Amino acid sequence: MSLDDSIEKIPGIGSTTKKKLISAGIIYIKDVLMFSPARLAELTGISEETAEKVIKNAIKYLERKEKSFGFIEASKIEDKISVGRFLHTGSKKFDKILGGGYASKTITELCGEYRSGKTQCCLTATVTAFLPPDHGGLCDESPSKMTVVFIDTEQTFTKKRILEIAKRFELKEDILDSILVGRPLSAYHQMQMINDLVKLVKRRNVKLVAVDSLTRLPRADFEGRGELYARQRLILAMVEKLKRLAQLYDIVVIITNQVMSRPDMFFGGHAVPIGGHVLAHNVDTRVMLIVKKDPIRVARIIDSAWLPPAECEIRITNQGIMD
């Protein structure tokens with residue numbers, strides 16, 4: 001699918017509807033596929049019936065244009081590993097167990113207890129994204145022509161840490177101008193920021209989205225057992241939107257997750273990621289970070305759609321994640 005397939009190419013849709021879509025930041029056909037009819041109607045002010053027609057006609061157009069968009073023979077399918085790009089984690093050992101690094105078109109979840117290194121992994125990735133591809137980065141041109149988005153629900157993002165890590169990789173201070181930091185105030189504000197990413201990804205050439213952490217605000221805003229369903233629905237909506245962005249735009253998505261104690265678990269540890277099956281079934285690779293002895297952490301793949309279980313030791317330093 002061409003990145004430049006504009007909604008102007010969708011047949012059977014009036015010019016007024018197309019203008020409303022563009023005004024809402026929905027410019028490309030793949031943007032349409034990010035939304036349900038109800039959500040598309042809400043964003044654009046068109047009727048839900050018209051929104052359903054827009055989505056249906058967009059799919060028909062893509063099926064005619066791209067034979068690989070509908071059902072295709074298994075022999076013609078490219079595996080995720082063959083089409084994804086990889087982002088250097090800061091540690092060669094960590095890269096190795098991840099098959100090359102954080103993979104684009106996927107969601108990598110980093111979970112662990114306090115001080116396990118989740119934020120440090122995100123900060124290091126934020127910097128390494130600006131390296132050229134032959135050095136493990138995602139920067140095809142100059143850093144000023146790409147963007148990293150960091151959604152900071154933990155309030156832990158600091159310019160000082162970014163510059164310390166940047167110095168290690170011989171990157172200049174001006175990368176700060178290419179990092180967009182969002183600090184949502186509530187779970188619904190966080191959802192809105194994730195929804196707004198579709199407007200940024202193409203316009204600002206976003207290569208990496210890091211959410212640190214995905215679950216903190218939903219966990220805080222929906223405390224009671226009676227609110228569990230609403231919390232899980234919101235987490236599902238967030239992770240599904242991020243997954244579609246990753247797949248449609250070939251970007252790297254990293255999320256962090258908190259853990260909870262399970263005293264009933266006698267084997268395999270007592271801390272498990274929160275978010276339940278909703279999160280577990282929608283991330284592609286889940287990594288547990290375990291505190292060993294400062295500054296050493298163990299990075300353990302506990303679940304992955306395409307990687308075998310594995311682990312390695314990493315080190316947390318002032319200059320980010322290292323071997």
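Quick notes on the rules
- Residues numbered from 1 in each chain as written.
- Predicted model: local features only at pLDDT ≥ 70, side-chain atom pairs only at ≥ 80, totals over all residues.
- Heavy atoms only, no water.
- Helix = DSSP H or I, 4+ residues; strand = E, 2+ residues; numbered from the N terminus.
- Rg over C-alpha atoms; globule rule 2.2 N^0.38 Å.
- Buried < 20%, exposed > 50% of the residue type's maximum accessible area, 1.4 Å probe, protein only.
- Contact = heavy atoms within 4.5 Å.
- Areas by Shrake-Rupley, 256 points an atom, 1.4 Å probe, with all protein chains shown as cover.
- Lys, Arg positive; Asp, Glu negative; His and termini not counted.
- Charge placed at Lys NZ, Arg CZ, Asp CG, Glu CD.
- Pairing = 2+ DSSP bridges.
- Axes fitted to C-alpha atoms, helices over the stretch in contact; angles between N-to-C directions.
- Phe/Tyr/Trp six-rings, centres within 6.5 Å; stacked < 30°, edge-to-face > 60°.
- Lys NZ or Arg CZ within 6 Å of the ring centre and 35° of its normal.
- Parallel < 35°, antiparallel > 145°, perpendicular 65-115°, else oblique.
- Left-handed = near helix turned anticlockwise from the far one by under 90°.
- Nonpolar A, V, L, I, M, F, W, Y, C, P; charged D, E, K, R; others polar.

Okay, the overall build of the chain next. When you go through the chain residue by residue, the secondary structure sums to 12 helices and 13 strands. Compactness check: the chain gives a C-alpha radius of gyration of 20 Å against a globular reference of 20 Å for 323 residues, within 12% of the reference. In terms of principal-axis extent, the alpha carbons of the chain reach across some 65 × 50 × 45 Å. Counting every position in the chain, which comprises 323 residues, the buried fraction comes to 50%. In the chain, of all internal contacts separated by at least 6 residues, the share reaching a separation of at least 24 is 65%. For the chain, the exposed surface amounts to about 15900 Å²; the carbon and sulfur share of it is 52%. Of the side chains in the chain, 49 bear a positive and 40 a negative charge, and the two mean positions are spaced by 1 Å.

Now for the sheet that holds strand β12 (residues 310-317). In spatial order, the strands read β5-β4-β6-β7-β3-β10-β11-β12-β13; together these 9 strands make up an open sheet with mixed pairing. Whereas interior strands pair on both sides, the edge strands pair on one side only; in this sheet they are β5 (179-182) and β13 (320-322). Direction aside, neighbouring strands of the sheet carry axes that sit 25° apart on average. Strands β4 (147-152), β5 and β6 (206-212) of the sheet are contacted by helix α9 (residues 187-203), whose axis makes an angle of about 175° with β6.

On to the environment of Leu43. The topology assignment puts Leu43 in helix α3 (residues 37-44). Looking at Leu43, the relative accessible area reads 29%, which means it is partly exposed. Not counting residues within four places of it along the chain, the set of residues in contact with Leu43 comprises Ala24 and Phe35.

So, on to the packing of aromatic side chains. Overall, the coordinates contain 4 aromatic pairs when judged by the stated rule. Aromatic pair Phe94 and Tyr102: ring centres 6.0 Å apart, planes at 75°, arrangement edge-to-face. Accessibility assignment for this pair places Phe94 and Tyr102 in one class, buried. Over the ring of Tyr28 we find Lys202, and its NZ or CZ is 5.4 Å from the ring centre.

Turning to its location among the elements, Glu154 is positioned in the loop between β4 and α8 (159-168). Between the alpha carbons of Glu154 and Ser213 there is a distance of 6.4 Å; along the sequence they are 59 residues apart. Every residue in contact with Glu154, bar those within four places of it in the chain, is listed here: Asp212, Ser213, Arg216 and Gln258.

Next up on the list: the packing of α3 against helix α4 (residues 48-65). The interhelical angle for the contact between α3 and α4, taken along N-to-C directions, is 115°, at an axis separation of 8 Å. As far as their axial angle goes, α4 and α3 are roughly perpendicular. You can see that α3 and α4 cross each other, and the crossing is right-handed. Mapping the contact onto sequence places Pro37, Ala38, Leu40 and Ala41 in α3 and Glu48, Ala51, Glu52, Val54 and Ile55 in α4. In terms of residue class, the contact of α3 with α4 is built from 7 nonpolar, no polar and 2 charged.

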